[in-house]
Number of protein chains: 2
Amino acid sequence: MNSQEYLNQLRHSCAHLLAAAMLKLYPDTKLTIGPAIENGFYYDFDFEKPISEENFTTIENKMRELLKTWESFSHREVTEQEAKEFYKDNEYKRELIDEIVKKGEKITFYKAGDFEDLCRGGHSENPRKDIGAFKLLSIAGAYWRGDEKNKMLTRIYATAFPTKEELAAHLVMLEEAKKRDHKKLGKELDLFVFSETVGKGLPLWTPKGSTIRRILERFIVDEEIKRGYLHVYTPDIANIALYEKSGHYPYYKDSMYAPITIDDEKFMLRPMTCPHHFELYLNKPRSYKELPMRYAELAKLYRYEQSGELSGLQRVRTFTLADAHIITRKDQAEKEVNDVLDLIEYIAAVFQLEPGKDYSYRLSLGDRNDEKKYFKDDTSWDHAEEILRKVLKARNAHYIEAPGEAAFYGPKIDIQMKNVNGKEDTAFTVQYDFVMPKRFKLTYITEERTEEEPVVIHRSSIGAIERVMAFLIEKYAGAFPIWLAPVQVVLLPIADRHNEFGEKVQKELQNAGIRVELDMRSERLQAKIRDATLQKAPFMGIIGDKEVDNGAISVRKRDGEDLGSVTVDSFLQQLRQSIDKKI
Amino acid sequence: MNSQEYLNQLRHSCAHLLAAAMLKLYPDTKLTIGPAIENGFYYDFDFEKPISEENFTTIENKMRELLKTWESFSHREVTEQEAKEFYKDNEYKRELIDEIVKKGEKITFYKAGDFEDLCRGGHSENPRKDIGAFKLLSIAGAYWRGDEKNKMLTRIYATAFPTKEELAAHLVMLEEAKKRDHKKLGKELDLFVFSETVGKGLPLWTPKGSTIRRILERFIVDEEIKRGYLHVYTPDIANIALYEKSGHYPYYKDSMYAPITIDDEKFMLRPMTCPHHFELYLNKPRSYKELPMRYAELAKLYRYEQSGELSGLQRVRTFTLADAHIITRKDQAEKEVNDVLDLIEYIAAVFQLEPGKDYSYRLSLGDRNDEKKYFKDDTSWDHAEEILRKVLKARNAHYIEAPGEAAFYGPKIDIQMKNVNGKEDTAFTVQYDFVMPKRFKLTYITEERTEEEPVVIHRSSIGAIERVMAFLIEKYAGAFPIWLAPVQVVLLPIADRHNEFGEKVQKELQNAGIRVELDMRSERLQAKIRDATLQKAPFMGIIGDKEVDNGAISVRKRDGEDLGSVTVDSFLQQLRQSIDKKI
């Protein structure tokens, strides 16, 4: 059993404990289900009278009291009739029993202390010893079976750990994550907003958020161009025929928005860029000398998300992907994939992300027997998977293999990122595609004047700009490094008589391309420092009599460090160095 | 009579002459209509047998022969019966007669020489003397009355001038315009393509075209930011409610695409940016200290164009407007408008466009009596028009006034650009808006803590990127200035043994940010020079034995000028200077 399985059993046991305590405290409560989830567990209850977080201490105390007697779980098999008799007042459990019966499975009850519950098992051996610490976290409404046609139940989220220390560390992390939440910081730092009139999932970037985005986008584009990518612009809508040609339409239909009819033709908001780049390639015959062709684009894409799934910049209805399609000869593919990983790791390093710690790779493989999910071409699968594996191995990359997670058209390397909650997600992918070239009849003329089919590598270098932004806001807790900070310096004249010099310094810095604000309000210096600190500008430049006399500014970092009085020139030099080094 | 009216009469007379010649040569031909148009005239015929451009000389000779006898036009009024008897074999003319009768107008026939035609008049006094020169230009199909349900007629395009010299100059300009046509050059220089599968009016920008576009866009954005604009990103789709709120929807409906339904809500591809920027402004209460707020965006917009209207990058179905909305106190508006014109003229100057010659202003005014077309608020109209007029006058700007051409919500300054055909069009506008602030309830808190309504200046600085690109391709005939050229230098090793040094120079230039190509084909130097010249790269760098020995390159400009042998360093310095100066 690995540590995650151990934790899951512990937490599932603790969910039983929560249910047991509830029945003691509120005997009319109907129990439903209580699974372990990532980082904790929950239990859904149907209460007679609503409860609130104020009851948490009482409940936790009761749980602690009961836990003393929970030495182990015992279980017994029961008949449908027995089970239903046991739950004669609980329609939820009876519904679950019906399902178990329908599947032809056995009905089992699990017991610890004097509490017995319908359950499939999977508990700690000794809950009293194993559950070292637990905590109830929050209450939320949840429909029975997640279906809004059903009754709304009360869900209690909680977590449990083997030791008090681990729980404490987890709670600190949760607190920190809450402070770093990009939705909260996005509002506080005025980076992006939503408008109900414009619509859900459609962020409007404020001037400050847009500054960060623009710098980020230019950085990506310039870096890619340096590495031989051909950056292009292709339209965000296209005739439905394009996605029928690519085969995406029937497959991707549910995540695409409804067609727009123009002059009896149907146009779609594009859900992906590849067919657009293929059409560019197809514009004229291509020679082996032109390959690899690395079409790249900051591509606006549109994918359907249920309104309940939308979340800040993390899940939106339109996003901009740093996308590319490398059309390459088969024998060049290995080097190309390797170069892509070089680029990804370079960009990650700029954001101080460490491979193996902040992100890792997952090699998603096909299944030769699943001909529905995977294009049938065993040789190509073998070849493609071997290339990706070879690249990862040669780099000594941190990666795991995930059978059955490949795309329809070939295997891929998923870039798995960890966010501030410690949650791991696929941020973006590098895919090896031997199917689309056939579909689009992509060819090139070889040195021997024959016609050959290239392969395509679909890749991103950083993912969707919106998600990167959400990620970076949380990573930096809004305190962006100098090169990205929307306001790099706030100048703070101490009194009105220092404003004139402030304006002179502002102009000087602005002319050098520095993003600078001048706070000329008639406020006390402490208030100005507090406001500049709140907006997390990397530097404050305080200006008083001495500074005006010496033609200098007194520089203070956002963490409070005092850099003393420096001339504008030397400050500028220091700023430029930090910006060039991207720190 | 101004010179344009004089030309129109001359050309309309020449259309009669063409019809007369046709009847002599092809007596079975049915005449229809033949108006003067910009730069010439046409006549639509229904021929028994098709004719081709090979017949033009015969027709022109016959016209010249007839013209000798055309001393003047006489006219007479005829009854409906007489007219229809005259045109008993011509159903087109009878249809026209019916319309004249229906309108209660008089039926008139105009005669010159022995040719008489149904006509409203408007001819030269003495065609023989006035028509100094004419030329038939081309043949095209055209449906009768422009309706595709009607018969396809044959349209002959032609032109006429008072003198042979003027005709010759015009033909030279047509020839030049043809060579500079952006659709032709876009293809030859591989700048953009269209794909039938993607759809009409949806250009795909190739890597080379995209390079020019990217540089252009960054130039605009950077220049605007320098001038205090706040560049933002807002979504390209929005709930229909947004355009209902702005009042655009019913008014703009015909040029918007059909709604996309998402979760029972209707979303529209945006046809304009203003309501998006207003929603950003509305996100929090605003103080007078924040004004003017200059929201700017490279905004992707979608407007319906009939497929017949689509033309290269000039008329497309989605375009990117360098858009901005300045939300300003009324008393700041004059300065803001003036600053906008400063920016426009600065950017125009970068492209070597002269005010008064290549572009001029048009002050479009409202009509106080037309309450349907114009928002009723005489005082605001007077005030707004006076501000725009004052700015134009104070600048000594080249402008004309155009009553009844204003927008619904206020007067505007149209920027009228002349293209290579000498054709003048409104490229973009600067609009003064006192209506939207009311609609959106835009307000700000004054110094006295009262609430006040700002005004909005809608403006572009350069227009739509697509149209600018079309314009610039034609202006430069594809020979872009160095700072914009997609390939700035092509290196031409004379023999294979010079390739290595070529690669070294290429790397050196690339590291300095220069866009450079290296032609390592085993072709003769002359062939390489020809190809580099065809792609209009500003510089060629020829590399032979001497160059390798001296660590230099032999530089040649695209116009053939030989700059001799220079070191890579000094060449680089020269390039950097030109790029910085945008030449």
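Because the structure is predicted, anything quoted here is derived from the model rather than measured. Note on numbering: residues in each chain are counted from 1, in written sequence order. The order in which chains are written sets their letters, starting at A; the order in which ligands are written sets their numbers, starting at 1. Selection of residues for local features in this predicted model requires a pLDDT of at least 70, selection of side-chain atom pairs for listing and counting requires 80 or more, and totals for whole chains, interfaces and linings are taken over all residues. The basis for every side-chain value is the complete set of non-hydrogen atoms in the structure, without hydrogens or water.

Peer 1: Mind showing me how you'd approach helix α13 (residues 378-394) of chain B here?
Peer 2: Each α-helix turn comprises 3.6 residues. Residues three or four places apart therefore point the same way. All names here are of chain B. Secondary structure elements are taken from DSSP: a helix is a run of H or I of four residues or more, a strand is a run of E of two residues or more, and numbering for both begins at the N terminus. To estimate how far a helix should reach, multiply one less than its number of residues by 1.5 Å. Between its terminal C-alpha atoms α13 stretches 24 Å, which fits the 24 Å expected from 17 residues at 1.5 Å a residue. The buried label goes to any residue with under 20% of its type's maximum accessible area, the exposed label to any with over 50%, and the partly exposed label to all in between, with areas taken from a 1.4 Å probe on protein chains only. Looking at α13, one finds that the buried residues are S380, W381, A384, E385, I387, L388, R389, V391 and L392. For α13, the secondary structure elements touched by its buried residues are α12 (333-350), β17 (359-365), β18 (399-403), β19 (412-418) and β20 (424-433). N396 sits one or two residues past α13 and shows a positive phi near 55 degrees. Contacts are assigned to residue pairs that have any heavy atoms within 4.5 Å of one another.

Peer 1: Sorry, what's going on with the interface of chain A and chain B here?
Peer 2: The parts lose accessible area when they come together, and the size of an interface is often stated as this lost area. Contacts between the two partners involve 55 residues from chain A, matched on the other side by 55 residues from chain B. The term buried area denotes the loss of accessible surface (1.4 Å probe radius) that occurs when two parts are joined, taken as the sum for both partners. Taken together, the two surfaces of chain A and chain B that pack against each other cover about 4700 Å², and 60% of this comes from carbon and sulfur. Taken as a group, T197, R218 and Y233 of chain A account for 15% of the area that chain A buries against chain B, more than any other trio of residues on that side. What makes a salt bridge here is a side-chain nitrogen of Lys or Arg within 4 Å of a carboxyl oxygen of Asp or Glu, nothing more. Across the pair D190 of chain A and K284 of chain B runs a salt bridge, and its minimum N-O distance is 3.3 Å.

Peer 1: Would you take a moment to explain empty space enclosed by the protein for this structure?
Peer 2: To find leftover empty space, one rolls a probe the size of a water molecule over the atoms. Cavity: a set of points on a 1 Å grid over the protein atoms alone where a 1.4 Å probe fits but cannot get out. Pocket: an open set with protein on both sides within 12 Å along at least five of seven lines, its lining residues, like those of a cavity, having an atom within 4 Å of a point. Grid points are joined across faces, edges and corners, and a volume is the space filled by probe spheres set on the points. If you walk through the whole model with that rule in mind, you get four cavities of 30 Å³ or more. Within this model, the largest cavity holds a volume of roughly 950 Å³. Taken together, 44 residues make up the lining of the largest cavity; nearest its centre are E217 and Y233 of chain A together with E217, Y233 and L298 of chain B. Contributing elements (two or more residues each) for the lining of the largest cavity: α8 (207-226), β15 (293-302) and β16 (318-328) of chain A together with α8 (207-226), β15 (293-302) and β16 (318-328) of chain B. No other element matches the six residues that α8 of chain A contributes to the lining of the largest cavity. Split by residue class, the lining of the largest cavity holds 17 nonpolar, nine polar and 18 charged. Of the volumes computed, that of the second largest cavity is approximately 90 Å³. The nonpolar class holds Ala, Val, Leu, Ile, Met, Phe, Trp, Tyr, Cys and Pro. Asp, Glu, Lys and Arg form the charged class, and all remaining residues, Gly among them, are polar. Split into classes, the residues belonging to the lining of the second largest cavity amount to nine nonpolar, two polar and three charged.

Peer 1: I'm lost on the relation of the copies chain A and chain B in this one. Help?
Peer 2: One chain copy maps onto the other through a rotation about an axis and a shift parallel to that axis. In screw terms, the move from chain A to chain B is a rotation of 179 degrees and a rise of 0.1 Å along the axis, fitting with an RMSD of 0.3 Å. The operation mapping one copy onto its partner corresponds to a two-fold rotation axis. In terms of proximity to the rotation axis, the leading residue of chain A is I260 of chain A, whose C-alpha is 3.3 Å off the axis. Of the interface residues in chain A, 100% have counterparts in chain B that sit at the interface too, so the contact is made through matching surfaces. Copy-to-copy alignment: least squares on C-alpha atoms, limited to residues at pLDDT 70 or above in both.

Peer 1: Explain helix α12 (residues 333-350) of chain A here, please?
Peer 2: All names here are of chain A. Over its 18 residues, α12 runs 26 Å from end to end, which matches the ideal 26 Å to within 8%, given 1.5 Å per residue. The complete set of buried residues in α12 reads A333, E336, V337, V340, L341, L343, I344, I347, A348 and V350. Following α12 by one or two positions, Q352 adopts a phi angle in the positive range, close to 55 degrees.

Peer 1: Is there a simple way to explain the sheet that holds strand β26 (residues 539-543) of chain A in this structure?
Peer 2: Pairing between the strands of a sheet is mediated by backbone hydrogen bonds and can be parallel or antiparallel. Residue and element names in this part refer to chain A. Reading across from one edge, β25-β24-β26-β27-β28 is the order of the five strands in this open sheet, with mixed pairing throughout. Single-partner strands in this sheet number two, and they are β25 (516-518) and β28 (562-567). Strand after strand, the sheet turns through a mean of 25 degrees between neighbouring axes, direction not considered. Sheet topology note: the strand β27 (residues 552-557)/β28 ladder contains five bridges and is antiparallel. Across the sheet, S554 pairs through a bridge with S565, a residue of β28. Between any two strands, at least two bridges found by DSSP are needed for them to pair. Orientation is described by lines fitted to C-alpha atoms, with helices fitted over the stretch in contact, and by angles between N-to-C directions that extend from 0 to 180 degrees.

Peer 1: Would you mind going over the pattern of salt bridges with me for this structure?
Peer 2: Pairs can form between side chains of opposite charge once their charged atoms are near each other. Residue and element names in this part refer to chain B. Within the structure shown, the criterion is met by 114 salt bridges over all chains. R294 is the partner of E336 in a salt bridge, and the nearest nitrogen-oxygen pair spans 2.8 Å. Of the two residues, E336 sits in helix α12 while R294 sits in strand β15, which places them 42 residues apart along the sequence. The pair E336 / R294 is uniform in exposure class, with both members buried.

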